[in-house]
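Summary of structural features
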Amino acid sequence: MPEQVNEKRNGCFILPVLKTFITSKQNVIPKPATTGRRPPLHLDPPEHTPYRKAIAPLLTPRKVARLKPIIHEICAQLLEPMVSNGGGDICSGFSSRMPVLVFAHWMNLPLDEVERLERWGRQYNIATQTGDAVSTKEASDALYARARGLMEERKIRPLDTKVDAVSALLATRVDGEPLPEELIIGTIRQVLVIGVIAPMVMIGSICVHLGRDRELQDRLRRDPSLIPAAIAEFLRLYTPYRGFARTAVCDITVHGRTIPAGEPIALNYASANRDEDVFEDPGTFRLHRPNISASIAFGRGPHTCPGAGLAELELAVALEELLARTKGFQVDGDIFPTRMPEIGALHVPLKFT
């Protein structure tokens, strides 16, 4: 996209990408029923920036690494009954629950709250993917209510802003003014949902692949040091979000096609990560791709996922624990896919050997 602001095309000055496409009007295609704006994703710079600045320091590699023992413990506890039973649905029994529990710890929720959050998060997770509108609304309302309650609790008893996202959001000031409370609630709700659904479907997709590729499965089991590189390639090959949307602020022509002003257009991350002009033999799993950094599984630019490091750690630990606790596994039944905007496996029955 040209960066000159003095070039005119289709009656519109060509601006930098951030000023040509916006996310604040519509960020998903098809557009879902709205339940309120949820920063940072639903805002454009500079409005979205204070929310990211509040959250990002809590997701640095050093901060994320502190959660590694907790993630190992959660994964071990969730996998134990599945191993005892010789298998089961890895999505409903494991990957729909693990990220909810991790986020509960990251958000410093009391232990007696974790079970309730897990139930709501898992209900929302599965309901949205199965198209159950009633159950989705029920769980969404519960998550919003908990987000509001958590904000009120932190207003009375704030925690250290270096370790608590809600306290950091409440302490943020823009031109001397606090962030709007409804948008703080929306941010808490957004962080919960985004961080819950993607790991579930991603783990499902990884298990489908490894269940069909015993050689790779055994190689990773023998050498766990390869798991982080494998996760990077799995994220490229099975990008969990099909993509988000941007809306053109003026008529703009891209590759011979004109996008009218006000028209939303989907950014298909999953397609981009299989672009044959970027990745050689894109439909094949290749460990240690030399240009794996070109993957956009976590987006690019100002809306790059701030929780990418935590997501990668969750996936790596989950796979490490699964491989360590089984001698082998294979797909044992029908696989059901997700709905928009995610892409991946929602139901993956496995047989452990």
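As shown above, the structure is provided for reference.
Let us look at the structure shown here.

About the cut-offs
Per chain, residue numbering runs from 1 following the sequence as it is written. Side-chain atom pairs in this predicted model are given and counted only at pLDDT of 80 or more, local residue features only at pLDDT of at least 70, and totals for whole chains, interfaces and linings cover all residues. Working from all heavy atoms in the structure, the side-chain values ignore hydrogens and water. The secondary structure listing takes helices from DSSP runs of H or I that are at least 4 residues long and strands from runs of E that are at least 2 residues long, numbered from the N terminus. This radius of gyration counts C-alpha atoms alone. The globule rule is 2.2 Å times how many residues there are, raised to the power 0.38. Buried residues are those whose accessible area, probed at 1.4 Å on protein chains only, stays under 20% of the maximum for their type, while exposed residues exceed 50% and partly exposed ones sit between those limits. In this analysis, two residues are considered to be in contact whenever any of their non-hydrogen atoms come within 4.5 Å of each other. Only the protein chains shown count as cover for residues, and the accessible areas themselves come from Shrake-Rupley with a 1.4 Å probe. Within this scheme the basic residues Lys and Arg register as positive and the acidic residues Asp and Glu register as negative, but His and the chain ends are omitted. Where a charge lies is defined by one atom per residue type: Lys uses NZ, Arg uses CZ, Asp uses CG and Glu uses CD. Disulfides are defined in this document as cysteine sulfur pairs within 2.5 Å. Angles shown run from 0 to 180 degrees and are taken between the N-to-C directions of axes, each axis being a line fitted to C-alpha atoms and, for helices, limited to the stretch in contact. For classification, angles of less than 35 degrees are called roughly parallel, those exceeding 145 degrees roughly antiparallel, those between 65 and 115 degrees roughly perpendicular, and all remaining angles oblique. A clockwise turn of the near helix away from the far one marks a right-handed crossing, whereas an anticlockwise turn of less than a right angle marks a left-handed crossing. We call Asp, Glu, Lys and Arg charged. Ala, Val, Leu, Ile, Met, Phe, Trp, Tyr, Cys and Pro are nonpolar, and the rest, Gly among them, are polar. Whether two strands pair depends on DSSP finding at least two bridges between them. We call Phe, Tyr and Trp rings a pair once their centres come within 6.5 Å, taking the six-membered ring for Trp, and we label the pair stacked below 30 degrees between planes, edge-to-face above 60, and tilted otherwise. This arc is taken over the directions from the axis of the helix to the C-beta atoms. Grouping buried Ala, Val, Leu, Ile, Met, Phe, Trp, Tyr and Cys residues that are joined through side-chain atoms within 4.5 Å yields what is termed a nonpolar core.

Once that is clear, we can look at the overall build of the protein chain. Helix and strand counts for the protein chain come out as 14 helices and 14 strands. Taken against the 2.2 N^0.38 rule, which gives 20 Å for 353 residues, the C-alpha radius of gyration of the protein chain at 21 Å falls within 12% of a compact globule. With respect to the principal axes defined by its C-alpha atoms, the protein chain has extents near 65 × 55 × 40 Å. The burial tally for the protein chain puts 50% of its 353 residues in the buried class. The contacts of the protein chain with a sequence gap of at least 6 include a subset with a gap of at least 24, amounting to 66%. Accessible surface computed for the protein chain: about 16,900 Å², of which carbon and sulfur atoms make up 55%. Seen as two clouds, the 43 positive and the 41 negative side-chain charges of the protein chain have centres 1 Å apart.

By the definition in use, this model includes zero disulfides. With no disulfide of its own, C75 has C207 as its nearest cysteine by sulfur position, at a separation of 11 Å. This cysteine, C91, is not joined by any disulfide, and C207 carries the nearest cysteine sulfur, 7.5 Å off.

Further remarks concern the packing of helix 4 (residues 68-85) against helix 14 (residues 308-324). As a packed pair, helix 4 and helix 14 sit with axes 9 Å apart at the nearest point and diverge in direction by 45°. Looking at the two axes, helix 4 sits oblique to helix 14. In the crossing of helix 4 with helix 14, the sense of the turn from one axis to the other is right-handed. Between helix 4 and helix 14, the contacting residues are K68, I71, H72, C75, A76 and L79 on the first element and L310, L313, E314, V317, A318, E320, E321 and L322 on the second. Looking at the contact of helix 4 with helix 14 residue by residue, the classes come out as nine nonpolar, one polar and four charged.

This brings us to the sheet that holds strand 11 (residues 329-331). Strand order in the open sheet formed by three strands is 4-14-11, and the pairing between neighbours is antiparallel. With partners counted over all chains shown, the strands left at the sheet margins are strand 4 (87-89) and strand 11, one partner each. Averaged over all neighbouring strand pairs, the angle between strand axes comes to 20°, with direction disregarded.

What follows deals with the packing of aromatic side chains. Scanning the model with the defined rule gives three aromatic pairs in all. On the basis of an interplanar angle of 25° and a centroid distance of 6.4 Å, the ring pair of F234 and Y238 is categorised as stacked. Residues F234 and F285 carry aromatic rings whose centres are separated by 4.7 Å and whose planes lie at 45° to one another, so their mutual orientation is tilted. Separated by 51 residues along the polypeptide, F234 in helix 12 (residues 227-237) and F285 in the loop between helix 13 (269-272) and helix 14 bring together distant segments of the chain. Clustering of aromatic rings is evident, with ring pairs tying together F234, Y238 and F285.

The subject of this paragraph is helix 11 (residues 214-222). Owing to its 3.6 residues per turn, the α-helix aligns residues three or four sequence positions apart on the same side. Buried residues of helix 11: L216, Q217, L220 and R221, and no others. Burial along helix 11 is one-sided: seen end-on, the buried residues are contained in an arc of 135°. Among the exposed residues of helix 11, those pointing more than 90 degrees away from its buried face are E215 and R222.

With that out of the way, let us pick up the nonpolar core. Grouped together as the largest cluster of nonpolar side chains are 93 residues, with contacts concentrated most on I90, F94, M98, W106, F234 and L319. The leading source of residues in this core is helix 10 (residues 181-212), at 18 residues. If sequence neighbours within four positions are ignored, W106 has contacts with I55, L58, L59, L67, V163, A165 and V191.

Here we take up the pairing of strand 14 (residues 349-352). The pairing of strand 4 with strand 14 spans three bridges and is classified as antiparallel. Within strand 14, the position partnered with G87 by the bridge is K351. Pairing between strand 11 and strand 14: three bridges, direction antiparallel. Bridge pairing in strand 14 places V331 opposite L350.

A few words now on the pairing of strand 7 (residues 245-248). Residues A245 and T247 line one face of strand 7 and the alternating positions R246 and A248 line the opposite face, and both faces are buried. With two bridges joining them, strand 3 (residues 21-22) and strand 7 adopt antiparallel strand pairing. Bridge pairing in strand 7 links F21 to A248. Summarising the sheet, strand 7 and strand 10 (residues 264-266) pair through three bridges and their orientation is antiparallel. Note on strand 10: the bridge partner recorded for R246 is I265.

Glancing now at the sheet that holds strand 10. In space, the three strands of this open sheet follow the order 3-7-10, with antiparallel pairing throughout. Every interior strand has two partners, whereas the edge strands, strand 3 and strand 10, have only one.

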